[in-house]
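# A structural walkthrough
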Amino acid sequence: MDIVKVRQSYGAQLAFLGGIDKHILRRSKAEIVAELEYKIPPMVRSGGCVLGLDHRIPNGTPLDHYRFYIEKAWEIMDREAAKI
């Protein structure tokens, strides 16, 4: 589910938990950044969302990619929260 499009359609009528594609963790770091940059900024601005993976961490996920995802997600959230 694309939480950004759902938020555009329904506004603050819905709250979200998750929303980050778990499969992105096994792709490149550039793809991880693209996923996070697409989803985090609009959800931080609109609120009502606890961002995280949409399921558990997939088997075969490189530890380096998981650590990168966590660090980058916090970096983007902090940046966006400072704008509010």
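Structure: see above.
Nothing here was measured: the structure is a model prediction, and the numbers come from that model. (Residues numbered from 1 in each chain as written. Predicted model: local features only at pLDDT ≥ 70, side-chain atom pairs only at ≥ 80, totals over all residues. Heavy atoms only, no water.)

### A short note on the side chain of Lys72
The line we're drawing: Under the scheme used here, helices are H or I runs from DSSP no shorter than 4 residues and strands are E runs no shorter than 2 residues, and both carry numbers assigned from the N terminus. Exposure categories follow from relative accessible area, calculated using a 1.4 Å probe and restricted to protein chains: below 20% of the type maximum is buried, above 50% is exposed, and the middle band is partly exposed. Any N or O atom pair separated by 3.5 Å or less is treated as a polar contact, with the protein-specific requirement of one donor-capable and one acceptor-capable atom, and with residues adjacent in sequence counted only for side-chain atom pairs. Any two residues whose heavy atoms approach within 4.5 Å are treated as being in contact.
Checked against the element boundaries, Lys72 lands in helix H3 (residues 63-83). For Lys72, a relative accessible area of 18% corresponds to the buried category. Here Glu75 takes part through its side chain, which lies 3.1 Å from a polar atom of the side chain of Lys72. Beyond its immediate stretch of four places on either side in the chain, Lys72 contacts Val33 and Leu36.

### A few points about the pattern of salt bridges
Basically, it comes down to this: We define a salt bridge as a contact between a side-chain nitrogen of Lys or Arg and a carboxyl oxygen of Asp or Glu at a distance within 4 Å.
Per the stated rule, a full pass over the model turns up seven salt bridges. Between Lys72 and Glu75 there is a salt bridge, with its nearest N and O atoms 3.1 Å apart. With Lys72 and Glu75 both in helix H3, this residue pair falls three residues apart, about one helical turn. Three or more residues joined by partner-sharing salt bridges are found here, namely Glu37, Arg45, Arg79, Glu80 and Lys83.

### A closer look at the side chain of Thr61
Mapped onto the secondary structure, Thr61 falls in the loop between strand S2 (49-53) and H3. A polar side-chain atom of Thr61 sits 2.7 Å from the main-chain carbonyl oxygen of Pro58. Not counting the four nearest positions on each side in its chain, Thr61 is found in contact with Leu25, Arg26 and Tyr66.

### So, the packing of helix H2 (residues 29-46) against H3
Quick reminder of the rule: With axes taken as lines fitted to C-alpha atoms, and helix axes fitted only over the stretch in contact, angles between N-to-C directions fall between 0 and 180 degrees. Our angle categories are set so that under 35 degrees counts as roughly parallel, over 145 as roughly antiparallel, 65 to 115 as roughly perpendicular, and the remainder as oblique. It is the rotation of the near helix from the far one that decides the hand of a crossing: anticlockwise by less than a right angle makes it left-handed, clockwise makes it right-handed. Each residue is assigned to one of three groups, with Ala, Val, Leu, Ile, Met, Phe, Trp, Tyr, Cys and Pro labelled nonpolar, Asp, Glu, Lys and Arg labelled charged, and all others, Gly among them, labelled polar.
Two elements in contact, H2 and H3, have axes separated by 9 Å at closest approach and are oriented at 30°. For the element pair H2 / H3, the angle class is roughly parallel. Note on packing geometry: the crossing formed by H2 with H3 is right-handed. Seen from H2, the contacting residues are Lys29, Ile32, Val33, Leu36, Glu37, Ile40, Pro41, Val44 and Arg45; seen from H3, they are Asp64, His65, Phe68, Tyr69, Lys72, Ala73, Ile76, Met77, Arg79, Glu80 and Ala81. Across the contact of H2 with H3, the residue classes tally to twelve nonpolar, one polar and seven charged.

### Here's the deal with H2
Quick note on the threshold: To estimate the expected span of a helix, subtract one from its residue number and multiply by 1.5 Å.
Helix length check: H2 (18 residues) gives 26 Å between terminal C-alpha atoms against 26 Å at 1.5 Å per residue, within 8%. For H2, the set of buried residues is Ile32, Glu35, Leu36, Lys39, Ile40, Pro41, Met43 and Val44. Tucked into the core, H2 has its buried residues touching helix H1 (3-10), strand S1 (16-20), S2 and H3. Downstream of H2 by a residue or two, Gly47 has a phi angle that is positive, lying close to 70°.

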